[in-house]
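Take a look at the letters that make up each chain.
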Amino acid sequence: MFKILRFDQYEVVPWKNGGGTTRPILLVPPASPFDYILRLSLADVENSGPFSKFEGMDRVIIQLNGDPMTLLHYDPPQNHKLERLKPYFFSGDWETSGNVVTASQDFNIIWRRDILTVSVERYDLQAYQQQSCPLTGDYRFVFSAGPGVDFSLNDLPVQRLGPFDTAIITESSSLTQQATFKAGASAASFFVITAKFKDAGKRRGYFPHPEDFKPGPKKQSSFLMRIPEFSYALPAMILGMVMLLISVSVWQSGSAQSWSVSGQNVFSDKQYWRLFTA
């Protein structure tokens, strides 16, 4: 069994530095946005700038279009000029920035190096050419680099993978799947990504289920919540409002002089404890 995620289903998330956007494709586990062991994503890169660090992780970047981007690694110091559709492996621990010539898109894979080993294979088909290959591993994905390719698995019906669509193989990892690919009227390229657990005992609890990859509802947010600085300040603003309400409330009957917690009594007499005990 497999599940296809379409390009137009990917959510677009802007970068904090304004240098581009990311389209998260999937996370493993799916419900762990900050504690995942594997992530696939598609980035729209518009400007030069620093890359986020992913400590304890390895990563692959594949530039899909545009003029070649140069990655600048500072520790250790080295530069690498990307080649279109050629996977480049590097450590997420490295401090890295990208020197962008023209706007481009790239496909990214990030994984925990202490848990998984990942391999990436590229296949190039001429017009109407057909290719078969076995799919093995704990996680198996097919990413279409464009313009599109027909994809079938075992005896299941043929599905069309359009540009930047992703197929997720969800069968048991103990089975080897036979996949068949066929290009249309134009030459096509696609990538097969396989991930294997280094320790078989860690496999439990991580294996994907088809339901995990249904497109989720888009979260509705107000205009203010789209501003990062406002979202960070909101808890402090709420706490300040609560403290203000406490400072002007009467918590017990009696004389206002003895029992009210007013701003004048608290701050003039330095009786700050009243804010918590009145």
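Residues numbered from 1 in each chain as written. Predicted model: local features only at pLDDT ≥ 70, side-chain atom pairs only at ≥ 80, totals over all residues. Heavy atoms only, no water.

Enquirer: Teacher, can you tell me more about the environment of Asn-47 here?
Expert: Here Asn-47 is to be found in the loop between strand E4 (38-45) and strand E5 (49-50). Given a relative accessible area of 42%, Asn-47 falls into the partly exposed group. Those residues within four positions of Asn-47 in sequence are excluded, and the remaining contacts are Gly-18, Gly-19 and Val-100. (Helix = DSSP H or I, 4+ residues; strand = E, 2+ residues; numbered from the N terminus. Buried < 20%, exposed > 50% of the residue type's maximum accessible area, 1.4 Å probe, protein only. Contact = heavy atoms within 4.5 Å.)

Enquirer: Can you walk me through unusual backbone geometry in this structure?
Expert: Outside of glycine, negative phi angles account for most residues, and trans bonds account for most peptide bonds. Residue Val-28 is joined to Pro-29 through a cis peptide bond whose omega torsion reads -5°. Among the secondary structure elements, Pro-29 is positioned in the loop between strand E3 (20-28) and E4. Look at the link from Gly-146 to Pro-147: it is a cis peptide, with omega at 0°. Located in the positive-phi region is Leu-85, a residue other than glycine, with phi close to 65°.

Enquirer: Before we go on, may I ask you to explain the pattern of salt bridges in this structure?
Expert: A side chain with one charge can pair with a side chain of the opposite charge if their charged atoms come near. The final tally for this structure, using the stated rule, is eight salt bridges. Its salt-bridge partner being Asp-44, residue Arg-23 comes within 3.0 Å of it at the nearest N-O pair. With Arg-23 in strand E3 and Asp-44 in strand E4, the pair connects residues that are 21 residues apart, well separated along the chain. Of the two residues examined, Arg-23 and Asp-44, each falls in the buried class. The closest approach of N and O atoms between Asp-150 and Arg-160, which form a salt bridge, is 3.2 Å. (Salt bridge = Lys/Arg side-chain N within 4 Å of Asp/Glu carboxyl O.)

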